[in-house]
Every structure is written in C-alpha cells, then in structure tokens.
Amino acid sequence: QVQLVESGGGLVQAGGSLRLSCAASGRTFRTYTMGWFRQAPGREREFVSAIRWSGTSTYYADSVKGRFTISSDGAKNTVSLQMSSLKPEDTAVYYCAARPGTAAQPMDARSYDYWGQGTQVTVSS
C-alpha cells in the first residue's frame, strides 16, 4: 500500500520561502515519477512540478519556474519542493502524487495513481 504524507505547509509573507516534503512508503520508489500539484479554492487542480525519482528529469509549470525546485532523497524516501519568492497566487493546498515508471504526461494529474492528503500553503500580501 503506497502512502504519501506531505508536510511543511504554512503561512508565509510574499517573497518568503517554504519547503514542502512528501514522505513515501509502501514501495521501492526508485523507478517512480513523483509530482506536486496544487489546488486553490474554486479552481482546478494544477500541475506544479515533477521528478523522476532518480532525479534525471525534472518538470516545472511556467508559473513556478525559477522559483521552485524539486528534489528527491532516495535514502529517506522523500521528495521535496523548495519554494522561494512566494506570491499570494501560490496560495493553495499542495498535493504530492506518485506513479510507477515514466509518466508520458507528467504534468497531467491523470497520470498519477497515488495521492497524499495535501498541505496548505498560504502566502499573504
């Protein structure tokens, strides 16, 4: 049973930073694709970033490119999202997602089989 548990969310002022973590358990994840998505009130869930667990490939939404960095730690079975220069429009619930193997469409939420419960990120202006 795959379990994904997000942590690290909170309230931060615009321009600040947060680091989200996703602790994965229940499988050997070295061949998985891991993603971060977010959903703001009244909006659809949107892609933020993704990584092949090996770290060989990373993907970013245009809206976060240059501000967010995704990384994986195989020893800890953790995927992290370092968020800097945060903006009020980054406010959302952030979800970790996982799927076995390479995702043909890593930016598509439908590519993922497993989801965490989410962690709230609020950026005040």
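What you see is a predicted model, and the numbers here were worked out from it, not measured in a lab.

A. The sheet that holds strand E8 (residues 78-83), seen in detail. With antiparallel pairing, the four strands of this open sheet are ordered in space as E1-E3-E8-E7. At either margin of the open sheet sits one strand with a lone partner, and together these are strand E1 (3-7) and strand E7 (68-73). The average undirected angle you get between the axes of adjacent strands in this sheet is 15 degrees. Summarising the sheet, E1 and strand E3 (residues 18-25) pair through five bridges and their orientation is antiparallel. Paired with Glu-6 across the bridge in E3 is Cys-22.

B. Broad picture of unusual backbone geometry. Positive phi values are uncommon outside glycine, yet Asn-77 reaches one of about 50 degrees. With respect to the helices and strands, Asn-77 occurs in the loop between E7 and E8. For Ser-85, which is not glycine, the phi dihedral falls at a positive 50 degrees. Mapped onto the elements of the fold, Ser-85 is located in the loop between E8 and strand E9 (92-100).

C. A look at the nonpolar core. Formed by 35 residues in total, the largest nonpolar core has its most connected members in Met-34, Trp-36, Leu-81, Met-83 and Tyr-94. Those elements giving two or more residues to this core turn out to be E3, strand E4 (32-39), strand E5 (46-52), E7, E8, E9 and strand E11 (119-124). Tallying contributions element by element places E9 first for this core, with five residues. Each residue touching Tyr-94, except ones within four places of it in the same chain, is listed here: Glu-6, Leu-20, Trp-36, Phe-37, Arg-38, Val-48, Phe-68, Leu-81, Met-83, Gly-118, Thr-119 and Val-121.

D. Just the pattern of salt bridges, in detail. For the coordinates displayed, the defined rule picks out five salt bridges. Across the pair Asp-108 and Arg-110 runs a salt bridge, and its minimum N-O distance is 2.9 Å. One salt-bridge network, held together by shared partners, links Arg-38, Glu-46, Arg-67 and Asp-90.

Calculation criteria
- Residues numbered from 1 in each chain as written.
- Predicted model: local features only at pLDDT ≥ 70, side-chain atom pairs only at ≥ 80, totals over all residues.
- Heavy atoms only, no water.
- Pairing = 2+ DSSP bridges.
- Helix = DSSP H or I, 4+ residues; strand = E, 2+ residues; numbered from the N terminus.
- Axes fitted to C-alpha atoms, helices over the stretch in contact; angles between N-to-C directions.
- Core = buried A, V, L, I, M, F, W, Y, C linked by side-chain atoms within 4.5 Å.
- Buried < 20%, exposed > 50% of the residue type's maximum accessible area, 1.4 Å probe, protein only.
- Contact = heavy atoms within 4.5 Å.
- Salt bridge = Lys/Arg side-chain N within 4 Å of Asp/Glu carboxyl O.

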